[in-house]
Amino acid sequence: MMDEGQVRVLELLEMKLIGLSITSSFIGHQPERVEAMKREFYSRKDEISNIIHPERYLSPHFTTENLFTYMICMEVEELTNVPEGMLGFTIPTHQYVHVKSKGDPYDDLHSYVRESDLQSNDRALAIEVYQFANPTWPDEVDVYIPLR
């Protein structure tokens with residue numbers, strides 16, 4: 001397990017995002033569909049205007065007991081001119097636990113939440129933030145889990 005000092009509780013302000021999404025079932029999950037969506041996003045990201053942080057992309061996601069929805073998005077100043085076939089949406093301000101970990105960041109974060117007597121918010125989106133220059137999972141990815 002990682003040094004607990006690396007896990008932080010912080011607030012992320014409202015974000016407006018534009019990108020692609022995919023939903024699949026846990027049973028019969030096809031990782032190649034996610035990879036195909038990533039390739040499409042990379043080839044189409046220049047269609048998105050008013051990008052705030054061109055050096056990174058965000059992957060908000062959520063799960064239910066049967067389904068997994070994963071998105072790849074750019075943060076934008078406003079939700080105008082959403083390209084055809086893309087999704088534009090807003091993530092409201094939330095408190096999150098955050099870590100960048102060489103191990104399993106989700107295990108680290110869920111352990112921290114339990115040990116700190118906090119509660120994750122399963123109705124809000126978890127977020128992974130990748131740098132285009134080095135999108136190495138998990139070493140170079142910032143992971144955020146929303147709190148209640």
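Now for a look at the structure at hand.

Rules used in this analysis
- Residues numbered from 1 in each chain as written.
- Predicted model: local features only at pLDDT ≥ 70, side-chain atom pairs only at ≥ 80, totals over all residues.
- Heavy atoms only, no water.
- Core = buried A, V, L, I, M, F, W, Y, C linked by side-chain atoms within 4.5 Å.
- Buried < 20%, exposed > 50% of the residue type's maximum accessible area, 1.4 Å probe, protein only.
- Helix = DSSP H or I, 4+ residues; strand = E, 2+ residues; numbered from the N terminus.
- Contact = heavy atoms within 4.5 Å.
- Phe/Tyr/Trp six-rings, centres within 6.5 Å; stacked < 30°, edge-to-face > 60°.
- Lys NZ or Arg CZ within 6 Å of the ring centre and 35° of its normal.
- Lys, Arg positive; Asp, Glu negative; His and termini not counted.
- Salt bridge = Lys/Arg side-chain N within 4 Å of Asp/Glu carboxyl O.
- Polar contact = N/O pair within 3.5 Å; in protein donor to acceptor, adjacent residues only side chain to side chain.

## A word on the nonpolar core
Phase 1: Core analysis: the biggest nonpolar cluster contains 26 residues, and Phe41, Ile48, Tyr57, Tyr70, Val97 and Leu109 have the highest contact counts within it.
Phase 2: Of all the secondary structure elements, the ones that give two or more residues to this core are strand 2 (15-25), helix 1 (31-44), strand 4 (67-76), strand 6 (94-99), helix 2 (105-115) and strand 8 (142-146).
Phase 3: In this view, Tyr57 contacts Phe41, Tyr42, Ile72, Cys73, Met74, Glu128, Val129, Tyr130, Phe132 and Pro135; residues no more than four positions away in its chain are not counted.
Phase 4: Of all hydrophobic cores here, the second largest spans 14 residues; its members include Leu10, Leu12, Leu125 and Ile127.

## Digging into helix 2
Residues spaced three or four apart along an α-helix face the same direction, because each turn holds 3.6 residues.
Phase 1: Residues of helix 2 that are buried: Pro105, Tyr106, Asp108, Leu109, Ser111, Tyr112 and Val113.
Phase 2: Asp117 lies just past helix 2 and shows a positive phi near 60°.

## Quick word on the packing of aromatic side chains
Phase 1: What the rule picks out here adds up to 9 aromatic pairs.
Phase 2: Geometrically, the ring pair formed by Phe68 and Tyr70 is stacked, given 5.9 Å between the ring centres and 20° between the ring planes.
Phase 3: According to the relative accessible area criterion, Phe68 is partly exposed, its value standing at 22%.
Phase 4: Here a set of aromatic residues connected by ring pairs shows up, and it is made of Phe41, Tyr42, Tyr57, Tyr130 and Phe132.
Phase 5: A cation sits over an aromatic face here: Lys45 above Phe132, 4.9 Å from the ring centre.

## Things to note about the side chain of Glu128
Phase 1: Examined against the element boundaries, Glu128 turns out to sit in strand 7 (residues 126-131).
Phase 2: Nearest to the buried, unbridged Glu128 among oppositely charged side chains is Lys38, at 6.9 Å.
Phase 3: Here the side chain of Glu128 touches Tyr70 through a polar contact of 3.3 Å, side chain to side chain.
Phase 4: Side chain to side chain, Glu128 and Tyr106 meet in a polar contact 2.6 Å long.
Phase 5: The contacts of Glu128, once residues within four sequence positions are left out, are Tyr57, Leu58, Ser59, His61, Tyr70, Tyr106, Trp137, Val141, Asp142 and Val143.

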